[in-house]
Amino acid sequence: MTAKKAGIAAGLLSVLLLAAFTRTAALEQFGQWLRALSLSGLTGDLAAWGIVLLLSALPALGLVWRGRNYWDWLLLLASLQIFFGLYFLINPTLLNPALPSGQIWGLVFSAGTVSVLLAWAVLRGLERLKKAPSPGRTLSLLLDGAGCCLLCLTGWEHAVTLFENIRRTAEANTAIPDQLLPTDLMLTLLTAADCVPILLSCLVLFQGGDLARAMETAPFHAETVLLAEKLSRRCAEIAAISVLICVGGNLLQMLFFSLLHQMTNIISFPFITVLLSAALELLCRYIREAKAVSDDNDSII
Amino acid sequence: MAIVVTLNEVLKQRGITGKELCAKIGITEANLSILRSGKANGVRFHTINKICYYLDCDVGDILHFDGNLEEPKDEV
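### A few points about the interface of chain B and chain A
Facing the eleven residues of chain B at the interface are seven residues of chain A. Each partner contributes to the roughly 760 Å² buried at the junction of chain B and chain A, and carbon and sulfur atoms together form 58% of this total. At the surface where chain B touches chain A, the tally comes to zero salt bridges. On inspection of chain B and its partner chain A, the count reaches five residue pairs in polar contact (both at pLDDT 80 or more). The dominant element in the side of chain B that touches chain A, judged by the number of residues it contributes, is helix 3 (residues 29-36) of chain B, at three residues. Looking at the side of chain B that touches chain A residue by residue, the classes come out as six nonpolar, four polar and one charged.

### A closer look at the side chain of Q253(A)
Mapped onto the elements of the fold, Q253(A) is located in helix 8 (residues 222-255). Among the residues examined, Q253(A) registers a relative accessible area of 1% and is labelled buried.

### Remarks on the pattern of salt bridges
All names here are of chain A. Evaluation of the coordinates by the stated rule reveals nine salt bridges over all chains. One salt bridge in this structure joins E127 and K130, with 3.5 Å as the shortest N-O distance. Residue E127 and its partner K130 are located together in helix 5 (residues 101-130), separated by three residues, close to a single helical turn. Owing to a relative accessible area of 22%, E127 belongs among the partly exposed residues under this scheme. On the accessibility criterion, K130 (68% relative accessible area) is exposed. The shortest N-O distance in the salt bridge between K131 and E127 comes to 3.7 Å. Taking relative accessible area as the criterion, K131 reaches 63% and is therefore assigned exposed. Each of the salt bridges in this network shares a partner with another, and the network as a whole consists of E164, R167, R168 and E171.

### Thoughts on the packing of aromatic side chains
Residue and element names in this part refer to chain A. Summed over all chains, the structure comprises seven aromatic pairs over all chains. Taking the centre distance of 6.1 Å and the plane angle of 20° together, the rings of F30 and W33 count as stacked. With F30 and W33 both in helix 2 (residues 24-38), this residue pair falls three residues apart, about one helical turn. By relative accessible area, W33 is classed as partly exposed at 47%. Among the aromatic residues, ring-to-ring pairing joins W49, F83, F84, Y87 and F88 into one connected group.

Rules used in this analysis
Residues numbered from 1 in each chain as written. Chains lettered and ligands numbered in written order. Predicted model: local features only at pLDDT ≥ 70, side-chain atom pairs only at ≥ 80, totals over all residues. Heavy atoms only, no water. Contact = heavy atoms within 4.5 Å. Buried area = accessible area lost by both parts, 1.4 Å probe. Salt bridge = Lys/Arg side-chain N within 4 Å of Asp/Glu carboxyl O. Polar contact = N/O pair within 3.5 Å; in protein donor to acceptor, adjacent residues only side chain to side chain. Helix = DSSP H or I, 4+ residues; strand = E, 2+ residues; numbered from the N terminus. Nonpolar A, V, L, I, M, F, W, Y, C, P; charged D, E, K, R; others polar. Buried < 20%, exposed > 50% of the residue type's maximum accessible area, 1.4 Å probe, protein only. Phe/Tyr/Trp six-rings, centres within 6.5 Å; stacked < 30°, edge-to-face > 60°.

Here's what the structure looks like:
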């Protein structure tokens, strides 16, 4: 498997795991199933406790097994969170009875546990990054994974937001359902336009992965400089496209003001993209200067 | 070149060929040729050390200063 494919696979896996953890309805059902098991008799009660304790102990096992650094104590916190999270999923009546506790607790529980486990993974990853035998390959994996995550998460987020906006507009304007078509079309157009810079950013991240691999194998090669220059130009293009899309979206909404029942006006400045473009231009200059130094060093006998 | 390389003379005196010297000090014949022609941008102390050791000579035997100041052609 190439480094690029491994990075993309890691990104997809992260998205799937995150999606699985944030399915609060599934957690609620799991809590209800455990509750039913617990109430089925002594054997069922013991089995339910066994499952809860086993699931709670899983992160803490990592602490016992490999815990050496301060961030490994986060695993203990995750274990406690899982224990109390499952306990209150099984016994939702012990929580605030004024709230739909099962649903809200599922969200609180999953967000809390995922954030702790992610914090542990990030802190551990940062430490391992320092000791990585080939930093270029690690960076390329991270960039490919990040590109994949960005692609999946923003695509999903934009689709959900679009359908939610269309639904809200329809709910808020029940008297004029036939006149909502321009609004729905505009919302779809704006969402699609908003996706363009993000898709291009994903492309930049994948190309960044290629650059990292090239820098690992041939840091002073002409092709590496070309890749960095191409990436810098692409960043500048994305920045230009982002601001132009923003201008276009606002202008279109001004033009069709009287036809629209919902508007989204944004003032956008692609700060990160502009910074990235400048940083890559600087990197190109450094690579060229480093190549000159390397050539000069090679000419010394 | 303000620094004149007189390695050829020392090699003749010692009766050693360029190829033999390359094998002893571990540089390529192309690099030795550049060094002998005086076109090298620089020579490492380590290389000079090995040349002097294997030719049993002093630094002044292989490198001479002609008394002129020469500006570098291109600075990195």
